[in-house]
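# Observations on chain architecture
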Amino acid sequence: MNLTFSLIKPSAMNHCEEILMAIKTGGFSILAMKSQNLTLSQVKKFYKEHAERSFFEPMCERLTLGPVLLMALYEQNGKDTPLQFRALLGATNPKDAAPGTLRKRFGIDLDFNAIHGSDSDISAIRELSFFFSGMETGLILSNSHELELLY
Ligand SMILES: Nc1ncnc2c1ncn2[C@@H]1O[C@H](COP(=O)(O)OP(=O)(O)OP(=O)(O)O)[C@@H](O)[C@H]1O
């Protein structure tokens, strides 16, 4: 799939412009984006796969500390875009992230790692539809569960 979902976390919103520039330079186009304050209940639904993890509550609370930037990203002629984008993000812990990656550049530590990216095509479809309507992205989920461009 040549689409993915990304979210700039509140702790990195002061670096939005540099992050957007790096995303574009990295070969990704921004199909849609919006800034929003998330509620705790939204975040808990979004991260529900981590509900059993010991750090679930504080991790969710950190995403409500200020506005986030939600993005639908697109890669022209791309394939495996969620994984390609995660390469640009770098390791979950900024300390382990390769030089030049977004988490190395803008993350502080595991708790404040700047930016999220979907980890698979399935997650990207779920996360894109969690935050964006088809009207906002120009995408619809077709009968074959593939995302198709509306216009
Ligand atoms: N051992 C841990 N202790 C505290 N927080 C953690 C730990 N592991 C992960 N996290 C936090 O939980 C988030 C989700 O963890 P996950 O394992 O899904 O990593 P990720 O997919 O790289 O991160 P994200 O979902 O934010 O893109 C991480 O971004 C990080 O902030």
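Residues numbered from 1 in each chain as written. Predicted model: local features only at pLDDT ≥ 70, side-chain atom pairs only at ≥ 80, totals over all residues. Heavy atoms only, no water.

## A look at the overall build of the chain
Assigned secondary structure in the chain consists of 7 helices and 6 strands. Traced from its N-terminal end to its C-terminal end, the chain shows the element sequence β-α-β-α-α-β-α-α-β-α-α-β-β. For the chain, whose C-alpha radius of gyration is 15 Å, the value lies close to the compact-globule estimate of 15 Å for 151 residues. If you line up the chain on its principal axes, its C-alpha atoms span 40 × 35 × 25 Å. (Helix = DSSP H or I, 4+ residues; strand = E, 2+ residues; numbered from the N terminus. Rg over C-alpha atoms; globule rule 2.2 N^0.38 Å.)

## Considerations on the sheet that holds strand 3 (residues 68-74)
With antiparallel pairing, the 4 strands of this open sheet are ordered in space as 2-3-1-4. The sheet is open, and its two edges are formed by strand 2 (29-36) and strand 4 (115-117), each paired on a single side. The mean angle between the axes of side-by-side strands here comes to 20°, regardless of whether they run parallel or antiparallel. Bridge count between strand 1 (residues 3-8) and strand 3: 6 bridges; the pairing is antiparallel. The residue of strand 3 that forms the bridge with Ile8 is Leu69. Where helix 1 (residues 16-25) meets the sheet, its contacts fall on strand 1, strand 2, strand 3 and strand 4, and the angle it forms with strand 3 comes to roughly 10°. (Pairing = 2+ DSSP bridges. Axes fitted to C-alpha atoms, helices over the stretch in contact; angles between N-to-C directions. Contact = heavy atoms within 4.5 Å.)

## Thoughts on the site of the ligand
As a structural note, the neighbourhood of the ligand is formed by 14 residues, with Met59, Thr92, Leu110, Asn113 and His116 the closest of them. Contacts to the ligand include His50, whose side-chain N or O atom sits 3.1 Å from an oxygen atom. Within the side chain of Thr92, an N or O atom sits 2.5 Å from an oxygen atom of the ligand. A total of 580 Å² of accessible area belongs to the ligand in isolation, and the protein chains cover 80% of it. Tallied by class, residues from the shell around the ligand come to 4 nonpolar, 5 polar and 5 charged. (Near = heavy atom within 4 Å. Polar contact = N/O pair within 3.5 Å; in protein donor to acceptor, adjacent residues only side chain to side chain. Areas by Shrake-Rupley, 256 points an atom, 1.4 Å probe, with all protein chains shown as cover. Nonpolar A, V, L, I, M, F, W, Y, C, P; charged D, E, K, R; others polar.)

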